[in-house]
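# Coordinate analysis (summary)
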Amino acid sequence: MAEVRTPRERITDYILNGILIVIFTGFLFPVLWVFSLAFKTRSDILTWPPPLLFTPTLENFTSLLGGLVGGTVGRATVDFIGNFANSLIISSGAVLVSILVGVPATYAIARFKFKGKEDLAFTILSFRFAPELMVIIPIYVFFQELRLLDTYIGLIWVYQLITLPMIIWILRGYIEDVSRELEEACRIDGYGQVRTFMRVVLPLIRPGIAASSLLAFIYAWNNFVFAVLLGGSRTAPVTVGAMQFISADALRFGDMAAAIVLAALPALLLAIYSQKHLIRGLSLGAVKE
Amino acid sequence: MGTVVFDNVTKMYGDTVGIQGLSLEIKEEEFFVLVGPSGAGKTTTLKTVAGLLTPSEGRLYIDGKLSNLLKPDERNVSMTFESYALYPHFTVYENIANPLRSPKFGIPVDKIDAEVRRISRLLEIDHLLDRRPGELSGGQKQRVSLGRAMVRRPSVFLLDEPLSHVDAKVRHRMRVELNHLQRELNTTTIYVTHDYVEGLSLGDRVGVINNGQLVQVDTPRTIYHSPINEFVGQHVGFPEMDIVGADVVNGQGKNLQLAVDNVPSMRLSVSKEQRELLRAKSNGRIRVGFRPQSVQIVPEREAQFKGTVYAFNPFVTYGVLILEVEGTQFNLLTEAYKHFEVGETLACRIAPEDLYLFDEQSSINLTYLE
Amino acid sequence: MASVTLNNVHKTYTSRKEEVKAVRDLSLEVRDGEFMCLLGPSGCGKTSTMRMIVGLEDVTSGDIYIGDRMVNNLSPQDRNVAMSFETYALYTHLSVRENILFPLRAKGVPAAEQATRLRRVVDMLDIEDLLNRGPTQLSGGQQQRVSLARALIRDPSVFLLDEPLSHLDVTLRTATRARIKHLHAELRTTFIYVTHDQLEAISLADRIAVMNFAELQQVGTREELLDYPVNLFVADFIGEPAINLFECEAVTNGGTMALRFKESGYELPVPEIWRQRIVEGGHRDLILGIRPHDVQLTNGKGLTKLEGVVDVFEFLGEENHVTCTVGGKWLTAVISAARFCDVGDGIDLYVPQERFHLFDAETEECLSTRFKIADQHAAKA
C-alpha cells in the first residue's frame, strides 16, 4: 500500500528513469545497429554519416539464403542453411543429452547423502569457469584417435562441458525446493521410487528444466572455440560459418548482419515461448506456509 | 487386520537418538495417540511404521509380519503429514485418487471415481474437487490430506499432527469430526500430537513420549488421574500441575503432614493410604503435585493456607487465577463468571486425595514406585 | 495516565490504482486506566488503529485525543505513549540495560533518575539477572519482558501492546498473561492491547472492541460480548468451543409458536419471553444460537428441553465436552469433568430460555440482544 508520492520523490523518480534510459540505450546500441545493417543496401552501409532513414531491403537475406554472397565484388559461396542446421543439431543434441544425464544426476546430488558430494558438485561447476582453450589440446588428440573430429557425436559430447554444469546447477535449487514429504507421501500412496520421481518431482521441476535448457541451449549455440577446432566443414555451426564473411578481400557487413539476425532468432523465439515455464509459481501452496 | 507391534525398536540418527527401546503393541481398530513435546520422537515413530525410516535395532511387525525392511509402497499403511504434503500440480480430485491409481492395485477408473466421491462427501470437500491445493484454506488442505489417507483401506492410518496448523475453533470442530470418522472407518490409527487435549479427546489409549522414550501408556483417564511421573503430570492438563518440594513432618497424633519448601505457612495433610506410602517409600523428602482445579477456595476457618491474588484471567468456561503464597505462585482453576481483585486474600485448601506424591530422586509417582 | 478518544476516525490507504479503507468511521473511548483490547481477524483494521494512536500512521479524517489534547498532528515522541512490538524490536547491538534505558537517554533524563526508574521496572518484570546480557542471548519470553520494560520505563500515559503473546509457548503464555494483568493492576495506566485471539482478549481486558472489515462491531465487557452479542459475527467470533448455530424458521401451529430447523424439521418452542415480539416484528427466517456452556443436563425452572443423541464424547480432564445430534445437526455442550456420557445414548439437554440467541438470518443482527436491552430499558423507566 503505497502512500501518495511527494513532489520531491517524484523528481527523484524522473532522474532515476532518465539515467536508466541512457544506460539501456548504451547496451542496446550494438544490437540495433546490427539489426539496421541487415536491412541496408551495400551503399547505405558505407555512407557516412549513417543515414537514419533508408529504404529497407531483403537483399542481404536472399543472397545469404541463396548461398551466393558478395554482390558484384568478391563473390563467394556459403552454406548458411547448412551451418544453421548444424547449430540446431549440435545444440539441441547437447541439451537433450544433458537433460537425460543431468536430471537424475542432479536429483542424486540434491537428495542423497554421500561422501564427497559437495566436491563432486563443485567439480562439475568448475567445468564452466575453466577456459576452454586449456583443455582443447588433449581433447583434440583424443578426438583424433577416436575419429571424432568433425562429427556430430564428437561435438555433442564435448558440448556437455558447457551444458551439463549449467543444467545441474540450476536444477539443484529447484529439486531442493520440492518438499521431501511430497515424495514420502507418494511412496506411501503405493508408488515405487522411479514412479514417484516421474509423478511428483518431474512435473514440479519442469519450470527449472525449461529455464536451464534454454540457457544451456543459448550457450551451446554461441560456442565458437570447440566448434572451430573440433568441427570441420561438415559440422560447422553458424558461429564458425559467420567467419567466412571476413575474408582477405572484403568485409561483408550486410551479409554478416543478416546472418547474425537469423542466428539470434532461435534463441529469441525460445525465450519468448518458454517465458511461462520460467515462472516458478507452480510449486507455491504445496505445503503449509 | 491392523496390528502394529514394536519390539524394542531403536532409531538412531548418527549419534542422536530418535527413539530408544520402544516396545508397544497397538491393537486392531485401536485409536492410539502418541503425545509429547517437539523432538520427543513422535514423527520418527510414525515414519518408522510408514517405512520412510528403517529401525536401527529391534523388530517392527505390521499385521504380524516382520516389516523392518519393507519399502513404503510394500506396506499397506497410509499417512498424513503435518505439512499436509499435497501435490501442488494435482487437483484435489487427483490428490485423493493418487493412492488408488497406483499400478500395484490396478483399480478400474469407475471404481476409483466412486471411492473419491464417497470420501470427499464424507469429509465435506466434494465442492472443492477441481481446485488445486494452492487455492485452499488451511482447514480445507487438512481435509484433503485426510481424504487421501482414508480413500483406500489400509491396515493402519498414521496421522502426524493433523490439527496443529488450523486455528483454535476449526481445531475443536475437527476433533469432533475425527472422533466421529474414527467410528465410521474402524481402522487402526496412530495419531501423533504435541497437544495433550487431542490425546485425551481422541485416544482409546494414549502414549506419552519424551526424549525418544515411551514414558506411560494407558487410557486417557488413567493418564490424567494417575500420571506415572512428574513429566506426565505436568504435560497433561491445563493449566499445568504445580509441583513443589516438601518435607514429610509429623502432624497431630499419628498423622503426617507435608511442609512445602519456601512456604512455611503451607502444610498439607495426607490421607491414610498416602501416609502408608510415605512411610514405606520416602525418607522425609517428597515432591508434591496438585492440579489447579483441586485448590479450593474455602471459608477462612477451613483454610490450609492463605495467599493473595496475583492475577485473574477469566476465559469462557473457566478462569485461571494466579495465587501468590509467600512469594511462590500457584495456579487455580475457578469459575469464569467470578471476579477477583489483584491483592485480594484468599483462603484455600487441597483435599488429600487430590495430591500427587512423586519420589524426589526419580520423580516417579509413589503409587507406581517399586 | 490518560483516556484515549477516537472521533469518526477513517484511514484510507491510496495506492496507484485503488483505495483501501482500513478503518471506517471508528469512534471509541478508552477510559483513563482502562484495559482495552482491540480484537478482530487479520485485516480488520486493528493494527492500523493502533498505529494511528501511537502516531506511526496519519489519520485520513477524524480526531484522536489523548486526555484532552488533540494529537492528530503530534509526532510519536510527543504523545507520551509507549508501545511494545510483536517482534519485540530490541536493539541487538545494545545490552539489555542499555536497551531499557534507551528511551530515557534519548530524552536526556539525569543519571540518578535513570537508576531509580530502571530499578522499578526491573523489579516489576523480574529481569535483574538479564541486565548485562545481549538480546540475542535471551529466550523469547525474556525478550518479551525486556521489551515491556523498555516501554514502561518511560512512564507513558498510554501503553499499547501489539500481540505480545503470539510467539510464546503455552506455559509461558499462561505466565505472561498473568503478568500483564498484574502489571495493569499495579500501574493503572491505560492499556490498549491488540490481538486476533479472542481468548486472550476476554482473559485480559476490562472491555473489548471487536472489529471486522474495518468497522467497529461492538464494544463491551467479556460478559456483554458472550451474553449480549449485537450480531452473528461477534457471537461466532467470541467463545470456545464456538456457539452452536441452527438455521430455522418461526412457524405457528395452532396458537403455539415454534422454531423449525431448516434441515430436519425438528421443532423447538420459541422462548416465551420473545414470542410476541417475533410475531410483531414479522421475523421468519432466524438463526438460533446456543453457547456450549449454557447447556445443562438437568431440568429446572424456565428451561427448554432439546432431545439429542450422543455422537461424540470427549474427556478433557478439567471439563468434558459432549457433541450430540439435535435435529440432524451437531450441538456441542461443555459439561462437568465428573459427568460421562455413552456414545449412542439418547440425551436430554436443557437451555435457559433467556440464553437462547436469535439472529435475523438476513441482517445477522442479534434479535434476542435487542429484545433484552429493550426490556432492561423498560424496567429502568
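Residues numbered from 1 in each chain as written. Chains lettered and ligands numbered in written order. Predicted model: local features only at pLDDT ≥ 70, side-chain atom pairs only at ≥ 80, totals over all residues. Heavy atoms only, no water.

## What about the overall build of chain B?
Within chain B, the regular secondary structure consists of nine helices and 20 strands. In terms of its C-alpha atoms, chain B occupies a principal-axis envelope of roughly 80 × 45 × 35 Å. Burial status across chain B gives 57% buried among its 370 residues. Only carbon and sulfur atoms are counted for the fraction: they give 46% of the accessible area of chain B, which is about 15200 Å². For chain B, the separation between the mean place of its 41 positive charges and that of its 47 negative charges on side chains is 4 Å. (Helix = DSSP H or I, 4+ residues; strand = E, 2+ residues; numbered from the N terminus. Buried < 20%, exposed > 50% of the residue type's maximum accessible area, 1.4 Å probe, protein only. Areas by Shrake-Rupley, 256 points an atom, 1.4 Å probe, with all protein chains shown as cover. Lys, Arg positive; Asp, Glu negative; His and termini not counted. Charge placed at Lys NZ, Arg CZ, Asp CG, Glu CD.)

## With respect to the domain arrangement of chain B
All names here are of chain B. Taken as a whole, chain B is organised into domain 1 (4–230) and domain 2 (242–358). Between domain 1 and domain 2, the C-alpha centre-to-centre distance is 40 Å. Taken residue by residue, the interface counts five residues in domain 1 and six residues in domain 2. Of the roughly 550 Å² buried at the junction of domain 1 and domain 2 (both faces included), carbon and sulfur atoms supply 49%. Three residues stand out in domain 1 for area buried against domain 2, namely Y224, P227 and E230, and they jointly supply 84% of the buried area on that side. (Domains from an automatic or database assignment. Contact = heavy atoms within 4.5 Å. Buried area = accessible area lost by both parts, 1.4 Å probe.)

## What to know about the interface of chain B and chain A
Counting from both sides, the interface comprises 30 residues of chain B and, opposite them, 23 residues of chain A. Across the interface of chain B and chain A, roughly 2300 Å² is buried in total on both sides, 57% from carbon and sulfur atoms. Where chain B packs against chain A, one counts two salt bridges. Among the salt bridges present, the one from D73(B) reaches R187(A), with a minimum N-O distance of 2.9 Å. Along the contact surface separating chain B from chain A lie 12 residue pairs in polar contact (both at pLDDT 80 or more). (Salt bridge = Lys/Arg side-chain N within 4 Å of Asp/Glu carboxyl O. Polar contact = N/O pair within 3.5 Å; in protein donor to acceptor, adjacent residues only side chain to side chain.)

## A closer look at the packing of aromatic side chains
Applying the stated criterion to the full structure yields 25 aromatic pairs over all chains. Each ring, one from Y224(B) and one from F315(C), has its centre 5.8 Å from the other, and the planes form 90°; the classification is edge-to-face. Linking Y224(B) in helix 7 (residues 220–225) with F315(C) in strand 15 (residues 303–315), this pair reaches from one chain into another. For the residue pair Y224(B) and F315(C), the accessibility class agrees, reading buried in each case. Judged by centre distance (5.2 Å) and plane angle (45°), the ring pair of F35(C) and F191(C) falls under tilted. Highlighted residues: F35(C) in strand 3 (residues 35–39) and F191(C) in strand 8 (residues 190–195), separated in sequence by 156 residues. (Phe/Tyr/Trp six-rings, centres within 6.5 Å; stacked < 30°, edge-to-face > 60°.)

## Quick look at the interface of chain B and chain C
When the parts of a complex come together, some accessible area is lost, and that lost area is often used as the size of the interface. Taken together, the contact pairs 38 residues of chain B with 43 residues of chain C. Taking both sides of the interface into account, the surface hidden between chain B and chain C amounts to around 3500 Å²; carbon and sulfur atoms contribute 60%. Linking chain B to chain C there are two salt bridges. Residues E314(C) and R175(B) are paired through a salt bridge, measuring 2.7 Å at the closest nitrogen-oxygen approach. At the surface where chain B touches chain C, the tally comes to 17 residue pairs in polar contact (both at pLDDT 80 or more).

## Examining the packing of helix 4 (residues 80–111) of chain A against helix 7 (residues 152–177) of chain A
Residues and elements named next belong to chain A. In contact at an axis separation of 6 Å, helix 4 and helix 7 are set at 40° when each is read in the N-to-C sense. In terms of axis orientation, helix 4 runs oblique to helix 7. In the crossing of helix 4 with helix 7, the sense of the turn from one axis to the other is right-handed. Class assignment for the residues of the contact of helix 4 with helix 7 results in 20 nonpolar, seven polar and three charged. (Axes fitted to C-alpha atoms, helices over the stretch in contact; angles between N-to-C directions. Parallel < 35°, antiparallel > 145°, perpendicular 65-115°, else oblique. Left-handed = near helix turned anticlockwise from the far one by under 90°. Nonpolar A, V, L, I, M, F, W, Y, C, P; charged D, E, K, R; others polar.)

## Details of the packing of helix 2 (residues 96–107) of chain C against helix 4 (residues 140–152) of chain C
All names here are of chain C. Running from N to C, helix 2 and helix 4 cross one another at 30°; their axes reach a closest spacing of 7 Å. Classified by the angle between their axes, helix 2 and helix 4 sit roughly parallel to one another. Considering the relative orientation of helix 2 and helix 4, their crossing is right-handed. Where helix 2 approaches helix 4, its residues V96, N99, I100 and P103 are matched on the opposing element by V146, A149 and R150. In terms of residue class, the contact of helix 2 with helix 4 is made up of five nonpolar, one polar and one charged.

## So, the pairing of strand 8 (residues 188–193) of chain B
Residue and element names in this part refer to chain B. For strand 8, a buried count of six out of six residues is recorded, marking the element as mostly surrounded by other parts of the structure. Residue alternation in strand 8 divides its side chains into two sets, T188, I190 and V192 and T189, Y191 and T193, and both sets are buried. In the sheet, strand 3 (residues 31–35) pairs with strand 8 via five bridges, with the strands oriented parallel. Bridged to V33 within strand 8 is Y191. In the sheet, strand 7 (residues 156–160) pairs with strand 8 via five bridges, with the strands oriented parallel. Paired with L158 across the bridge in strand 8 is I190. (Pairing = 2+ DSSP bridges.)

## Overview of the pattern of salt bridges
The tally for this structure, following the rule as stated, stands at 39 salt bridges over all chains. Of the charged contacts, one joins E128(C) and R119(C) as a salt bridge, the two residues approaching to 2.9 Å between their closest N and O atoms. A residue is classified by how much of its surface remains accessible, and E128(C), at 41% relative accessible area, is partly exposed. The partner of E365(C) in a salt bridge is R370(C), with the nearest N and O atoms 3.0 Å apart. Residues joined in a network through salt bridges with shared partners are D247(B), D261(B), R285(B) and E360(B).

## Let's talk about the domain arrangement of chain C
Residue and element names in this part refer to chain C. Segmentation of chain C into domains returns domain 1 (4–236) and domain 2 (237–380). Each of domain 1 and domain 2 was reduced to a C-alpha centroid, and the two centroids are 37 Å apart. Contacts between the two partners involve 20 residues from domain 1, matched on the other side by 18 residues from domain 2. Of the roughly 1800 Å² buried between domain 1 and domain 2, counting both surfaces, carbon and sulfur atoms make up 61%. Inspection of the region where domain 1 meets domain 2 yields one salt bridge. For R355, the salt bridge identified is with D227, shortest N-O distance 3.2 Å. Counting the contacts that link domain 1 with domain 2 gives 12 residue pairs in polar contact (both at pLDDT 80 or more).

## Details of the pairing of strand 14 (residues 285–290) of chain B
Side chains on a regular strand alternate between the two faces of the sheet. Residue and element names in this part refer to chain B. Examined bridge by bridge, strand 11 (residues 242–250) and strand 14 share six bridges and lie antiparallel to one another. Note that in strand 14 the partner of V244 across the bridge is V288. Strand direction decides the pairing type here: strand 14 and strand 20 (residues 355–358), joined by four bridges, are antiparallel. The residue of strand 20 that forms the bridge with G289 is Y356.

## Let's talk about helix 1 (residues 7–38) of chain A
Residue and element names in this part refer to chain A. In a regular helix each residue adds 1.5 Å, so 32 residues correspond to 46 Å; helix 1 covers 45 Å between its end C-alpha atoms and thus fits that length. By the largest-angle criterion, L28 marks the main kink of helix 1, which is about 45°, and a proline, P30, follows within four residues. Looking only at helix 1, the buried set comprises S36, L37 and A38. Buried residues along helix 1 sit against helix 2 (42–46), helix 3 (59–66) and helix 12 (253–273). (Expected span 1.5 Å × (residues − 1). Bend = angle between axes of the 7 residues up to and from the residue.)

## Considerations on the nonpolar core
Counting 131 residues, the largest nonpolar core has I100(C), L288(C) and L306(C) as its most contacted members. Those residues in contact with L288(C) that sit more than four places away from it in its chain are N244(C), L245(C), F246(C), C248(C), L259(C), F261(C), L268(C), F356(C), H357(C) and L358(C). Listed in part, the 67 residues of the second largest apolar core include F245(A), V4(B), I19(B) and I190(B). (Core = buried A, V, L, I, M, F, W, Y, C linked by side-chain atoms within 4.5 Å.)

## Concerning the environment of R279(B)
As for its position among the elements, R279(B) is in helix 9 (residues 272–281). Sequence-wise, R279(B) and L256(B) are 23 residues apart; in three dimensions their C-alpha atoms are separated by 9.1 Å.

## Some remarks on the sheet that holds strand 1 (residues 4–13) of chain B
Residues and elements named next belong to chain B. Reading across the sheet, the four strands line up as 2-1-4-5 and stay open at both edges, with antiparallel pairing between neighbours. This sheet does not close on itself; its edge strands, each paired only once, are strand 2 (16–26) and strand 5 (65–66). Where strand 1 meets strand 2, seven bridges bridge the pair, whose relative direction is antiparallel. Across the sheet, the residue bridging to V9 is L22, located in strand 2.

## Some thoughts on the sheet that holds strand 16 (residues 319–326) of chain C
Read across the sheet, four strands follow the order 17-16-15-18 (chain C) without closing on themselves; strand pairing throughout is antiparallel. The open sheet is flanked by strand 17 (329–336) and strand 18 (346–352) of chain C, the only strands paired with a single partner. The sheet shows a mean angle of 50° between the axes of neighbouring strands, taken without regard to direction. Judged from the seven bridges that link them, strand 15 of chain C and strand 18 of chain C form a sheet pairing that is antiparallel. Within strand 18 of chain C, the residue paired with E307(C) across the bridge is D348(C). Relative to strand 15 of chain C, helix 5 (residues 168–185) of chain B is tilted by about 70°, and along the sheet it contacts strand 15, strand 16 and strand 17 of chain C.

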